[in-house]
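# Secondary and tertiary structure notes
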Amino acid sequence: MLAKILGVSQSVLTFFLPLMRDALASGLSTLLPLALDIVRDLATSNKSNSEKRDFAIDQLKKAAIANGISAGENLIRSTVEAAVANLKSK
């Protein structure tokens, strides 16, 4: 079904899905400690939640570049959300 939606053959999808999953897991595990530090620092800020999120995303992009980590917008945003959820659960 997913292959049909994406317009690729099932064999191509079967090949690439594990690679994409591994890349996402690797990126998340590398970025999460950086995001936790950024989100923790912003927790006591007087900024609105929206401003904190936007600032955290911007800071994590810069931190990723500074650390030589290649990460797309979705991975950056997901990592910030995971960091927020992690801190709220404690």
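Residues numbered from 1 in each chain as written. Predicted model: local features only at pLDDT ≥ 70, side-chain atom pairs only at ≥ 80, totals over all residues. Heavy atoms only, no water.

Attention shifts here to the confidence of the model for the protein chain. Mean pLDDT for the protein chain: 81, with 71% of residues reaching 70 or above. Mean pLDDT across the secondary structure elements of the protein chain bottoms out at helix H1 (residues 2-6), with 43, and peaks at helix H3 (residues 49-66), with 95. Within the model, the stretch residues 1-6 combines pLDDT values under 50 with 7 contacts to residues more than four positions away or in other chains. (pLDDT = per-residue confidence, 0-100. Helix = DSSP H or I, 4+ residues; strand = E, 2+ residues; numbered from the N terminus. Contact = heavy atoms within 4.5 Å.)

All right, on to the side chain of Lys-52 then. Here Lys-52 lies in helix H3. Glu-51 is the oppositely charged side chain nearest to the buried, salt-bridge-free Lys-52, at an N-O distance of 8.6 Å. Excluding its chain neighbours within four sequence positions, the residues that come into contact with Lys-52 are Leu-42, Ala-43, Ser-45 and Lys-47. (Buried < 20%, exposed > 50% of the residue type's maximum accessible area, 1.4 Å probe, protein only. Lys, Arg positive; Asp, Glu negative; His and termini not counted. Salt bridge = Lys/Arg side-chain N within 4 Å of Asp/Glu carboxyl O.)

This part covers the pattern of salt bridges. Considering all chains together, one arrives at 5 salt bridges under this definition. Of the charged contacts, one joins Asp-37 and Arg-40 as a salt bridge, the two residues approaching to 3.1 Å between their closest N and O atoms. One end of the pair is Asp-37 and the other is Arg-40, both in helix H2 (residues 10-42) and 3 residues apart, which spans about a single turn. Of the charged contacts in the structure, one is a salt bridge between Lys-61 and Glu-73, with a shortest N-O distance of 2.8 Å. Of this pair, Lys-61 sits in helix H3 while Glu-73 sits in helix H4 (residues 73-88), and the two are 12 residues apart along the sequence. Looking at Glu-73, the relative accessible area reads 34%, which means it is partly exposed. The network of salt bridges with common partners includes Lys-61, Glu-73 and Arg-77.

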